[in-house]
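# Breakdown of the fold
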Amino acid sequence: MKYIEIAKTYEVLEKTSSKIAKTDILTELFKKTPTEDIEKVVLLIQGIVFPKYSGLELGIAIQMMIKAIARSTGFSVEKVEEMFKKTGDLGLVAENCIKEKKQASLLKKELEVEDVFKNLQKLAYLTGEGSQDKKLNLIAELLSFSKPQEAKYIVRTILGDLRVGVAEGIIRDAIAKSFLPEGKESLEILDYALNIYPNFGEIAKISKENGLKGLKQIKVKLGQPIQVMLGEKAESIKEVIDEFGKVAAEYKYDGMRAQIHKDGEKIWIFTRRLENVTKQFPDLVELCKKHIKAKKCIVEGEVVAIDEKSSPLPFQILSQRIQRKYDIEKMVKEIPIQINLFDIVFLDDEMLFDKKLKERREILEKTVEQKQGKFMLAKQIITDNIKELEKFYKEALNAKQEGIFLKVLDSKYIFGRHVGGWYKIKPTMETLDLAIIGATWGTGKRAGWLGSFILGCRDEKTGKFLECGMLGTGVKEKKTKETDITFEELTKILKPLIISEKGSNVRFKPKVVISVDYQEIQVSPNYESGFALRFPRFVALRQDKGPEDVDTVERIKYLYELQKKTKK
Ligand code: AMP
């Protein structure tokens with residue numbers, strides 16, 4: 001299949017806002033895609049060339065892309081930079097440069113999907129000495145064969161910023177419409193397959209080749225993460241007990257969710273966003289090899305940083321280990337961890353999703369050998385006694401954990417949030433998880449740094465992010481402790497996410513999530529959400545959370561109402 005077909009589809013998708021229309025456009029594309037290309041086409045539509053959890057990155061910075069565009073089109077680097085400043089989109093710049101290309105390419109060749117896909121994959125494998133030059137050559141070569149429209153999307157794909165607005169839900173619907181019989185059953189089977197095997201490319205291929213029959217045969221693959229089960233917030237312990245009676249209560253630990261896969265001596269660790277963090281946690285890998293008795297399994301737990309007395313430390317401390325890609329051994333010594341396991345979903349080739357929670361816990365107990373302070377089962381009590389549960393909740397808070405989970409004993413493992421089964425009880429004046437959606441360039445001493453960060457909460461109905469406060473406090477000018485986050489560091493993280501700039505004000509894609517505490521919530525006509533946080537303060541960078549985890553405007557409203565009641 002020719003790559004121009006994909007480029008044309010991107011172009012139409014970009015101009016279409018309706019979800020139904022986007023689904024139809026993709027259905028048309030998927031249907032006409034030959035079987036040998038379908039996997040690649042689906043990934044390219046997602047804007048990627050490896051499944052998200054592979055941990056492989058193309059590793060191309062803006063500056064290198066500017067050079068590649070200049071080299072392949074004959075424009076000067078300065079000119080390309082100037083065009084980039086005007087549009088903020090190197091894809092558009094590449095398109096325009098190729099349209100006005102100064103040097104005609106000698107070789108004429110139409111790009112195949114296969115060519116683009118393989119070459120983009122190659123970028124990730126080029127490492128070590130001289131790799132930057134090789135990458136530059138590879139991109140320049142690809143661009144020199146591209147038509148303007150193709151160049152636009154090749155550049156955007158490489159930079160991880162496709163801008164065509166296709167969420168996973170739309171791709172899932174298009175796969176169903178293209179290859180499966182109409183109806184609820186198909187969607188249920190497809191969803192299940194995507195949850196236990198979240199590779200949209202492969203799932204599309206299986207659907208195309210073998211339909212529902214093929215999807216039903218899919219099994220978990222060790223080394224490839226599954227989607228996780230999450231909890232929903234309950235307003236009180238009583239409410240949950242009234243509905244379900246006896247429950248399993250567990251500490252809600254303040255750390256990082258770890259999905260651990262074991263296949264013989266091989267261990268993988270994934271976050272809740274299915275990112276591979278195995279390299280960052282060699283100590284956990286060793287603990288798993290030693291203390292998991294099964295040959296093959298998937299267990300889940302919460303990793304917590306601990307002090308020398310094995311007491312848990314807040315998430316900010318652990319956070320440094322998640323983001324760290326070098327000096328890992330040093331970090332292992334400086335920030336020791338423990339894990340508290342709470343689930344098992346796969347054992348010796350058997351999937352356990354349909355087993356009841358209490359059965360899974362029993363299996364987990366038999367599968368691992370605990371080591372005090374390091375490798376443990378999550379603290380759990382089973383009761384319907386509210387007083388006992390309240391005591392347990394206080395104990396969890398005193399142990400500096402976030403609260404407790406109340407888990408329904410008979411519940412299956414269901415993927416996602418709001419699925420019933422797990423209910424969390426947390427204090428109300430907790431921190432909020434918000435997205436950074438805007439900021440201002442600093443002046444004077446802070447020139448070159450972003451500051452005055454605009455916070456956004458999520459509107460569940462529209463999927464938009466609405467302003468709810470402005471934050472400067474808590475972010476540091478200088479690093480005095482390892483846990484400090486500086487303006488410089490935040491600037492580095494946010495800069496590639498800029499979508500527009502007006503004067504000194506910038507807007508970002510809502511990708512960076514931070515935990516924020518505050519003194520009070522106020523009603524505010526000045527902010528789109530209708531609420532403003534008073535004195536918000538930066539608490540932690542949540543690289544383990546994504547835009548879908550950002551607190552909603554409904555939650556802020558609820559907290560506001562509650563605060564009104566408690567003030568009276
Ligand atoms: P939240 O981040 O508030 O949606 O809560 C869900 C997260 O709580 C999970 O992704 C886990 O990382 C974490 N967690 C901590 N303790 C437990 C536990 N005992 N059971 C399940 N999840 C837990």
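To be clear, the structure that these remarks concern was listed above.
A quick note: this is a predicted structure, and the numbers were derived from the prediction, not measured.

## Considering the nonpolar core
When a protein is soluble and globular, its nonpolar side chains tend to lie buried together. By size, the foremost hydrophobic cluster in this structure holds 115 residues, and its most contacted members are Tyr 3, Leu 26, Phe 30 and Ile 45. Inspection of this core shows a minimum of three residues originating in each of domain 1 (48-159) and domain 2 (237-425). Cys 288, Ala 294, Leu 352 and Ala 540 belong to the second-largest nonpolar core, a separate cluster that totals 35 residues.

## Observations concerning the environment of Ser 207
One can find Ser 207 in helix α12 (residues 200-216). Not counting residues up to four positions away in its chain, the partners in contact with Ser 207 are Ile 175, Phe 179, Leu 180, Leu 190 and Leu 215.

## Here we look at the pattern of salt bridges
Under the definition given, this model contains 48 salt bridges. For the salt bridge of Asp 24 with Lys 177, the shortest nitrogen-to-oxygen distance reads 2.5 Å. Of the two residues, Asp 24 sits in helix α2 (residues 19-32) while Lys 177 sits in helix α10 (residues 168-179), which places them 153 residues apart along the sequence. According to the relative accessible area criterion, Asp 24 is partly exposed, its value standing at 36%. Assessed through its relative accessible area of 47%, Lys 177 is described here as partly exposed. Of the charged contacts in the structure, one is a salt bridge between Asp 517 and Arg 537, with a shortest N-O distance of 2.8 Å. With Asp 517 in strand β18 (residues 513-517) and Arg 537 in strand β21 (residues 537-541), this pair connects stretches of sequence that are 20 residues apart. Members of the salt-bridge network, linked through shared partners, are Glu 11, Glu 14, Asp 89, Glu 95, Lys 152, Arg 156, Asp 161, Arg 163 and Lys 509.

## What about the environment of Asp 307?
Relative to the elements of secondary structure, Asp 307 occurs in the loop between β5 (296-306) and β6 (312-313). For the pair Asp 307 and Ile 337, spaced 30 residues apart in sequence, the C-alpha to C-alpha distance is 8.4 Å. Of note is the side chain of Asp 307, whose polar atom sits 2.9 Å from the backbone nitrogen of Lys 309. Only 2.8 Å separates the side chain of Asp 307 from the backbone nitrogen of Ser 311, close enough to count as a polar contact.

## Focus on the side chain of Arg 361
Take Arg 361: it is sitting in helix α17 (residues 357-367). Overall, the relative accessible area of 10% leaves Arg 361 in the buried class. Dropping the residues within four chain positions of it, Arg 361 is found in contact with Glu 250, Leu 341, Leu 377, Ala 378 and Gln 380.

## Examining the side chain of Ser 411
Tracing the sequence through the fold places Ser 411 in the loop between β11 (403-408) and β12 (422-425). From its side chain, Ser 411 meets the backbone oxygen of Val 408 in a polar contact 2.8 Å long. Not counting residues up to four positions away in its chain, the partners in contact with Ser 411 are Lys 355, Lys 356, Leu 357, Arg 360 and Gly 421.

## Observations regarding the packing of aromatic side chains
Each aromatic ring pair is characterised by the separation of its centres together with the angle its planes make. Within the structure shown, the criterion is met by 16 aromatic pairs. Seen from their ring centres, Tyr 192 and Phe 353 are 6.4 Å apart, and the 90 degrees between their planes marks the pair as edge-to-face. You can see Tyr 192 sitting in helix α11 (residues 184-196) and its partner Phe 353 sitting in the loop between β8 (350-351) and α17, a full 161 residues away along the chain. For Tyr 192, a relative accessible area of 34% puts it in the partly exposed group. With centroids separated by 5.8 Å and ring planes inclined at 70 degrees, the aromatic side chains of Tyr 413 and Phe 415 adopt a geometry described as edge-to-face. With a relative accessible area of 3%, Tyr 413 lands in the buried category.

## Remarks on the site of the ligand
Inspection of the region around the ligand gives 16 residues, with Glu 250, Glu 302, Lys 407, Arg 417 and Lys 424 positioned closest. Taking Tyr 251, its main chain carries an N or O atom lying 3.0 Å from a nitrogen atom of the ligand. Taking Glu 302, its side chain carries an N or O atom lying 2.4 Å from an oxygen atom of the ligand. In isolation the ligand exposes 500 Å². Once the protein is present, 96% of that is buried. Sorting the residues of the shell around the ligand by element identifies β2 (247-252), β11 and β12 as the ones contributing at least two each. When residues of the shell around the ligand are assigned to their parent elements, the largest contribution, 3 residues, is made by β2. Taken together, the residues of the shell around the ligand break down into 6 nonpolar, no polar and 10 charged.

## What about the pairing of β11?
The element β11 is largely enclosed, with a buried count of 6 among its 6 residues. Here β2 runs beside β11; their pairing, made up of 6 bridges, is antiparallel. Note that in β11 the partner of Ala 249 across the bridge is Leu 406. By the bridge criterion, 4 bridges tie β11 to β12 in an arrangement that is antiparallel. The partner of Ile 404 across the bridge, within β12, is Ile 425.

Procedures and definitions
Residues numbered from 1 in each chain as written. Predicted model: local features only at pLDDT ≥ 70, side-chain atom pairs only at ≥ 80, totals over all residues. Heavy atoms only, no water. Core = buried A, V, L, I, M, F, W, Y, C linked by side-chain atoms within 4.5 Å. Buried < 20%, exposed > 50% of the residue type's maximum accessible area, 1.4 Å probe, protein only. Domains from an automatic or database assignment. Helix = DSSP H or I, 4+ residues; strand = E, 2+ residues; numbered from the N terminus. Contact = heavy atoms within 4.5 Å. Salt bridge = Lys/Arg side-chain N within 4 Å of Asp/Glu carboxyl O. Polar contact = N/O pair within 3.5 Å; in protein donor to acceptor, adjacent residues only side chain to side chain. Phe/Tyr/Trp six-rings, centres within 6.5 Å; stacked < 30°, edge-to-face > 60°. Near = heavy atom within 4 Å. Areas by Shrake-Rupley, 256 points an atom, 1.4 Å probe, with all protein chains shown as cover. Nonpolar A, V, L, I, M, F, W, Y, C, P; charged D, E, K, R; others polar. Pairing = 2+ DSSP bridges.

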